[in-house]
Amino acid sequence: MIIDIPEGQEPIGYVWGDMVPGIGMAAANFSLSVYAHTTLGLREFEAARLRIAQINGCVFCLDWRTDRDGEKVEDGFDEAVEQWRTTDAFDDRTRLAAEYAERYALDHHNIDDAFWSRMTAHYSQVEIVELSMSIGSWLAFGRLNHVLGLDSVCVLPGH
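First, a word on scope: everything that follows refers to the structure included in this document. All residue numbers refer to position in the chain's written sequence, counted from 1. Selection of residues for local features in this predicted model requires a pLDDT of at least 70, selection of side-chain atom pairs for listing and counting requires 80 or more, and totals for whole chains, interfaces and linings are taken over all residues. To get the side-chain values, all heavy atoms of the structure are used, and hydrogens and water are removed first.

**As for the overall build of the protein**
Part 1 of the reasoning: The numbering of helices and of strands both runs from the N terminus, where a helix is a DSSP run of H or I of at least 4 residues and a strand a run of E of at least 2. The secondary structure content of the protein amounts to eight helices and zero strands.
Part 2 of the reasoning: Counting helices and strands in the order they occur from the N terminus, the protein gives α-α-α-α-α-α-α-α.
Part 3 of the reasoning: Against the compact-globule benchmark of 15 Å for 159 residues, the protein has a radius of gyration of 16 Å, which places it among compact chains.
Part 4 of the reasoning: Across its three principal axes, the protein shows a C-alpha extent of roughly 50 × 30 × 30 Å.
Part 5 of the reasoning: When checking whether two residues touch, look at their non-hydrogen atoms; a contact exists if any pair is within 4.5 Å. For the protein, long-range pairs separated by at least 24 residues make up 65% of all intrachain contacts whose partners lie at least 6 apart in sequence.
Part 6 of the reasoning: Reported accessibility uses the Shrake-Rupley method at a 1.4 Å probe radius. Residues are deemed covered only where the shown protein chains occlude them. For the protein, the accessible area works out to roughly 8800 Å², and carbon and sulfur atoms hold 55% of it.
Part 7 of the reasoning: The average position of the 12 basic charges and that of the 26 acidic charges among the side chains of the protein differ by 5 Å. Note that the radius of gyration is over C-alpha atoms, with the globule rule given as 2.2 Å times the number of residues to the power 0.38. All tallies of charge rest on Lys and Arg as positive and Asp and Glu as negative; His and the ends of each chain are not included. By convention, the point assigned to a charge is CZ for Arg, NZ for Lys, CD for Glu and CG for Asp.

**Digging into the environment of V59**
Part 1 of the reasoning: By the element assignment, V59 lies in helix 4 (residues 59–63).
Part 2 of the reasoning: Three labels apply to residues, based on accessible area from a 1.4 Å probe with only protein chains included: buried if under 20% of the type maximum, exposed if over 50%, partly exposed otherwise in between. A relative accessible area of 48% means that V59 is categorised as partly exposed.
Part 3 of the reasoning: Along the primary structure V59 and H146 are separated by 87 residues, whereas in three dimensions their C-alpha atoms are 7.5 Å apart.

**Concerning the packing of aromatic side chains**
Part 1 of the reasoning: To pair, rings of Phe, Tyr and Trp, with the six-membered ring standing in for Trp, must have centres within 6.5 Å; the planes then decide the type, stacked if under 30 degrees apart, edge-to-face if over 60, and tilted in the middle. Counted according to the given criterion, the structure contains twelve aromatic pairs.
Part 2 of the reasoning: Of the aromatic side chains, those joined through ring pairs into one cluster are Y35, F45, F60, W64 and W138.

**What about a nonpolar patch on the surface?**
Part 1 of the reasoning: Two distance rules govern patches: like charges are joined within 9 Å, and nonpolar side chains (Val, Leu, Ile, Met, Phe, Trp, Tyr) within 5 Å, applied only to residues with over 30% relative accessible area and no salt bridge. Within this document, salt bridges are pairs made up of a side-chain nitrogen of Lys or Arg and a carboxyl oxygen of Asp or Glu, the two lying within 4 Å of each other. A surface patch of nonpolar side chains, about 280 Å² in accessible area, is lined by M19, V20 and I23.
Part 2 of the reasoning: Tracing the backbone through its elements, the reader meets V20 in the loop between helix 1 (11–19) and helix 2 (21–36).

**Details of unusual backbone geometry**
Part 1 of the reasoning: Here D69, not a glycine, exhibits a phi torsion of approximately 50°, which is positive.
Part 2 of the reasoning: With respect to the element layout, D69 can be found in the loop between helix 4 and helix 5 (77–82).
Part 3 of the reasoning: D69 sits in the exposed class, given a relative accessible area of 84%.

**So, the packing of helix 6 (residues 92–106) against helix 8 (residues 125–147)**
Part 1 of the reasoning: At their nearest, the axes of helix 6 and helix 8 sit 10 Å apart, and the two run at 50° to each other. By the angle between their axes, helix 6 is oblique relative to helix 8. Classified by chirality, the crossing of helix 8 by helix 6 is right-handed. Seen from helix 6, the contacting residues are R93, A97, Y100, A101, Y104 and A105; seen from helix 8, they are E127, I128, L131, S132, I135, G136 and L139.
Part 2 of the reasoning: Following the grouping adopted for this structure description, the nonpolar residues are Ala, Val, Leu, Ile, Met, Phe, Trp, Tyr, Cys and Pro, the charged ones are Asp, Glu, Lys and Arg, and the polar ones are all others, Gly among them. Of the residues in the contact of helix 6 with helix 8, the class split is nine nonpolar, two polar and two charged. Only C-alpha atoms enter the line fits that serve as axes; for helices the fit covers just the stretch in contact. Angles between N-to-C directions range over 0 to 180 degrees. For classification, angles of less than 35 degrees are called roughly parallel, those exceeding 145 degrees roughly antiparallel, those between 65 and 115 degrees roughly perpendicular, and all remaining angles oblique. Crossings are classed by handedness, with left-handed meaning an anticlockwise turn of the near helix from the far one by less than a right angle and right-handed meaning a clockwise turn.

**Side note on the pattern of salt bridges**
Part 1 of the reasoning: Here the structure, examined in full by the defined rule, presents ten salt bridges.
Part 2 of the reasoning: Across the pair E99 and R103 runs a salt bridge, and its minimum N-O distance is 3.1 Å. A residue pair is termed a helical-turn pair when its members lie 3 or 4 positions apart in one helix, as E99 and R103 do in helix 6 at four residues.
Part 3 of the reasoning: For R103, a relative accessible area of 16% gives the class buried.
Part 4 of the reasoning: Residue R103 pairs with D112 through a salt bridge whose shortest N-O separation is 3.8 Å.
Part 5 of the reasoning: Taking relative accessible area as the criterion, D112 reaches 36% and is therefore assigned partly exposed.
Part 6 of the reasoning: By sharing partners, the salt bridges in this structure join E99, R103, D112 and R118 into a single network.

Following this line, the structure appears as structure tokens:
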């Protein structure tokens, strides 16, 4: 980790809250809003989130599973996300969510009309905007946590 954390401080809370409170709290609120206000199904949400976590390499994000009223994706879902092109575990919306996340993160200049035709056949414009904002949040903040090394010192609740 490249940031010095004072003894007894929780790393993410310290960096996001204490070091840059004006920016960090706004970022935290945006990040929390993605989870609190989503209208996307759990599987498509997690497919996009996990694909970004895999691309970013954020240890914390890779270990996290979104919980909705006690429901989480099944064990092995992360492996299916890695194989989004060929897995038979995904419906069209879930596969598109993983593909969109990957293209958004790695090849956004080449998202073409053919992709948008497939996307708009399965997602409304509102859902596309929501998914885009969610992916942007995960890409930015997961990458920030990984680059600064925060993901290597944070643990999930219950671990």
